[in-house]
Amino acid sequence: MKLSIVVGAFCFIYSKIIENKNLEFNKFVSFLYKNDTFSLKNTIILIVLSLLNWFFEILKWQQLVNIVKPISFKSALEQSLGGLTASLITPNRIGDYGAKAIYYTKTLRTKIVLLNLLGNMAQMTITTILGGVGFILFVNRYQLDINYRKVASVGALILLIGLIALFSMTQKRFKIKGFSIASLLNFIKLIPLKVHGLNLGWSLIRYLIFSFQFYYLLTVFGVNINYDEAMIVITSMYLLASIVPTISIFDMVIKGSIAVFLFSYLDVNELIVLSITTLMWLLNFVIPSLFGSYFVLNFKLPKLVE
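Reading the values: the criteria
- Residues numbered from 1 in each chain as written.
- Predicted model: local features only at pLDDT ≥ 70, side-chain atom pairs only at ≥ 80, totals over all residues.
- Heavy atoms only, no water.
- Helix = DSSP H or I, 4+ residues; strand = E, 2+ residues; numbered from the N terminus.
- Buried < 20%, exposed > 50% of the residue type's maximum accessible area, 1.4 Å probe, protein only.
- Contact = heavy atoms within 4.5 Å.
- Phe/Tyr/Trp six-rings, centres within 6.5 Å; stacked < 30°, edge-to-face > 60°.
- Salt bridge = Lys/Arg side-chain N within 4 Å of Asp/Glu carboxyl O.
- pLDDT = per-residue confidence, 0-100.
- Core = buried A, V, L, I, M, F, W, Y, C linked by side-chain atoms within 4.5 Å.
- Expected span 1.5 Å × (residues − 1).
- Axes fitted to C-alpha atoms, helices over the stretch in contact; angles between N-to-C directions.
- Parallel < 35°, antiparallel > 145°, perpendicular 65-115°, else oblique.
- Left-handed = near helix turned anticlockwise from the far one by under 90°.
- Nonpolar A, V, L, I, M, F, W, Y, C, P; charged D, E, K, R; others polar.

1. A look at the overall build of the protein
Thinking step 1. Across its full length, the protein holds twelve helices and zero strands.
Thinking step 2. Taken from N to C terminus, the helices and strands of the protein fall in the order α-α-α-α-α-α-α-α-α-α-α-α.
Thinking step 3. Residues classed as buried in the protein amount to 46% of the 306 residues present.
Thinking step 4. Sequence separation of 24 or more characterises 74% of the internal contacts of the protein that already satisfy a separation of 6 or more.

Here you go:
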């Protein structure tokens, strides 16, 4: 099973890099070298930004798990990267929940799943807030033709369905192996306010890091754009990409398509946008998953955290 996870992840990564119809691999590589993307300075900066991105993700996971079981930074690193590798071929990284939970005894696994959900909710909250502001500014600046009545109607319908589902779950009519929205809400209430603050804080720092990394790549490729203007588009891109259900391995394709559309309003070359989204995917998903594959292959059940 461990080997199949790693092999499956590698096969999907290979297919997305080599067989991407929107970005021919040879053209992509030659374009990068032509634009001096991999100069020593740029390479160091990009790697440092990726390391910082994952450092704060691992730190966030460590402080969340410490609520139920103190763990070292090394253990948090192993669980985070191992979970990433296992989640690459699952919808919306759902495999990350099971991969992290299996490091713990059965008595703790439900809490670990809830903590993982809490961490993802914090990241999504930051993405939604900043992305919402960015998208509003984007629409106003570029005068997008949007039927607000239809958008409001669909939004109201989704909200109504969500409220009905939430009410049903809180009434304990819907459970999955002991899990319910009521149990999640009760669990959240028991967590100290300081932990919630740190959870949101690390999520915000991560967001600022990888969004700046995207902006830095724009400057590397010679796109003349100020930071404020770029962030309006970048935050809008992450918001729209986050609401599309997808498999992590296809993250590059989804973000690439949305980015091409949004940056077309700034007259940014399509090849540049696709190159940047591909590099972001390689730096923040592929490379960490390669290290994560080591932890997956060396995972042993007898060494579960107690």
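2. Describing the packing of aromatic side chains
Thinking step 1. Under the counting rule described, the total for this entry stands at 15 aromatic pairs.
Thinking step 2. Consider the rings of F210 and Y238, whose centres lie 5.1 Å apart with planes at 65°: the pair is edge-to-face. On the criterion of sequence distance, the pair formed by F210 in helix 9 (residues 193-220) and Y238 in helix 10 (residues 227-242) is long-range, its members being 28 residues apart. Side by side, F210 and Y238 carry an identical accessibility label, which is buried.

3. Comments concerning the pattern of salt bridges
Thinking step 1. In this structure the tally under the stated criterion is three salt bridges.
Thinking step 2. The partner of K60 in a salt bridge is E57, with the nearest N and O atoms 3.5 Å apart. Note that K60 and E57 are positioned in helix 3 (residues 40-65) at a spacing of three residues, about one turn of the helix.
Thinking step 3. Note on K60: relative accessible area 3%, which makes it buried.
Thinking step 4. On the basis of relative accessibility, which here comes to 12%, the residue E57 falls in the buried class.

4. A few points about unusual backbone geometry
Thinking step 1. Within the chain, D267 stands out as a residue other than glycine whose phi angle is a positive 60°.
Thinking step 2. Mapping D267 onto the fold places it in the loop between helix 11 (251-263) and helix 12 (270-297).
Thinking step 3. On the basis of relative accessibility, which here comes to 71%, the residue D267 falls in the exposed class.

5. Overview of the confidence of the model for the protein
Thinking step 1. Overall, the predicted model of the protein reaches an average pLDDT of 79, with 70% of residues at or above 70.
Thinking step 2. Across the protein, element-level confidence peaks in helix 9 with a mean pLDDT of 95 and bottoms out in helix 1 (residues 2-18) with 51.
Thinking step 3. Ignoring residues within four places in sequence, the model shows residues 172-176, a span with pLDDT below 50, making seven contacts including any to other chains.
Thinking step 4. Across residues 302-306, where pLDDT falls below 50, the model places 13 contacts with residues more than four positions away in sequence or in other chains.

6. A few points about the nonpolar core
Thinking step 1. Counting residues in hydrophobic clusters, the biggest one holds 62 residues, and the most contacted among them are F214, L218, I234, M237, Y238, F263 and I276.
Thinking step 2. Contributions of two or more residues to this core are made by helix 3, helix 4 (73-87), helix 6 (106-142), helix 8 (181-190), helix 9, helix 10, helix 11 and helix 12.
Thinking step 3. With eleven residues, the top contributor of residues to this core is helix 12.
Thinking step 4. Beyond its immediate chain neighbours, meaning those up to four positions away, Y238 contacts T127, Y207, F210, S211, F214, K255 and M280.
Thinking step 5. Counting residues in hydrophobic clusters, the runner-up holds five residues, among them L49, F56, L59 and I209.

7. Points about the environment of V273
Thinking step 1. Here V273 lies in helix 12.
Thinking step 2. The sequence separation of V273 and L218 amounts to 55 residues, and the corresponding C-alpha distance is 8.1 Å.
Thinking step 3. The residues contacting V273, other than those within four sequence positions of it, are A259, V260, F263 and V268.

8. Observations regarding helix 6
Thinking step 1. With 37 residues, helix 6 should cover 54 Å at 1.5 Å per step; its first-to-last C-alpha distance of 52 Å lies within 8% of that length.
Thinking step 2. Trailing helix 6 by a residue or two, Q143 shows a phi angle of about 50°, which is positive.

9. Some details on the environment of M121
Thinking step 1. Relative to the helices and strands, M121 is located in helix 6.
Thinking step 2. Judged by its relative accessible area of 36%, M121 falls in the partly exposed class.
Thinking step 3. Along the backbone, M121 and N199 are 78 residues apart, and their C-alpha atoms lie at a distance of 9.6 Å.

10. Here's the deal with the side chain of N199
Thinking step 1. In this fold, N199 is placed in helix 9.
Thinking step 2. Filtering out sequence-adjacent residues up to four positions away, N199 remains in contact with K60, Q63, L64, L118, G119 and A122.

11. Overview of helix 9
Thinking step 1. For helix 9, which comprises 28 residues, the first-to-last C-alpha distance of 41 Å matches the rise-based estimate of 40 Å (1.5 Å per residue) to within 8%.
Thinking step 2. Looking at the residues trailing helix 9, positive phi occurs at G222, about 80°.

12. Looking at the packing of helix 6 against helix 9
Helix packing for two helices is described by the angle between their axes and how far apart those axes are.
Thinking step 1. For the pair helix 6 and helix 9, the least separation of the axes is 9 Å and the interaxial angle reads 55°. Overall, the two elements helix 6 and helix 9 adopt an arrangement that is oblique. Our pair here, helix 6 against helix 9, has a crossing hand that is right-handed. Where helix 6 approaches helix 9, its residues L118, G119, A122, Q123, T125, I126, T127, L130 and G131 are matched on the opposing element by H196, N199, L200, S203, L204, R206, Y207 and F210.
Thinking step 2. Taken together, the residues of the contact of helix 6 with helix 9 sort by class into eight nonpolar, eight polar and one charged.

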